[in-house]
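# Topology and contacts: notes
Residue strings, one per chain:
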Amino acid sequence: MNSKLQNDNIDFLFKAILELQTTEECYDFFEDLCTIQELKAISQRLVVAKMLSEKCVYTDIVNATGASTATISRVNRSLQYGSDGYDIIFERIREKEENSNE
């Protein structure tokens with residue numbers, strides 16, 4: 001965990017997010033919390049990270065997401081040197097999808 005990031009406000013935000021139970025609740029909460037552009041930027045980074053983790057090349061990612069190469073590079077740095085947050089989420093999503101297909 002990045003101690004420079006941690007504070008009471010961010011702790012409260014994360015506790016609130018952990019209380020969300022459905023996709024509909026997520027839409028309602030994040031629509032209230034973020035601007036449309038902020039949500040689009042966050043979701044774009046997540047898709048970029050997923051595509052990078054699947055070994056997609058930059059040109060394919062740019063074409064699929066519209067992300068700039070600077071954004072792709074920043075996300076790639078997080079995947080390579082970050083806290084493994086993306087990897088945790090992708091693994092859990094993969095596990096859920098596999099369990100639902102059984």
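Okay, so let's go over this structure. Note that the structure is predicted; figures quoted are calculated from it, not measured. What you see as residue numbers is a count from 1 along each chain, following the sequence as written. Selection of residues for local features in this predicted model requires a pLDDT of at least 70, selection of side-chain atom pairs for listing and counting requires 80 or more, and totals for whole chains, interfaces and linings are taken over all residues. Just so you know, side-chain values use all the structure's heavy atoms and leave hydrogens and water out.

Right, let's get into the overall build of the protein chain. Counting from the N terminus, the helices are the DSSP runs of H or I reaching at least four residues and the strands are the DSSP runs of E reaching at least two. Counting its regular elements, the protein chain contains 6 helices and 0 strands. Secondary structure elements of the protein chain occur, N-terminal to C-terminal, as α-α-α-α-α-α. With the principal axes as the frame, the protein chain shows a C-alpha extent of 40 × 35 × 30 Å. Counting across all 102 residues of the protein chain, residues that qualify as buried make up 15%. In what follows, a contact means two residues having at least one pair of non-hydrogen atoms within 4.5 Å. A separation threshold of at least 6 residues defines the contact pool for the protein chain, and within that pool the share at least 24 residues apart is 31%. In short, Shrake-Rupley with a 1.4 Å probe defines the accessible areas, and a residue's cover is counted only from the protein chains shown. When the accessible surface of the protein chain is totalled, it reaches about 8,400 Å², and 53% of it is carbon and sulfur. The positive count covers Lys and Arg only, the negative count covers Asp and Glu only, and His and the chain ends enter neither. Note that the charge is assigned to NZ on lysines, CZ on arginines, CG on aspartates and CD on glutamates. Side chains of the protein chain give 11 positive and 18 negative charges; the mean places of these two sets differ by 9 Å. Buried, partly exposed and exposed residues are distinguished by accessible area as a fraction of the type maximum, computed with a 1.4 Å probe on protein chains only: under 20%, between the cut-offs, and over 50%, respectively.

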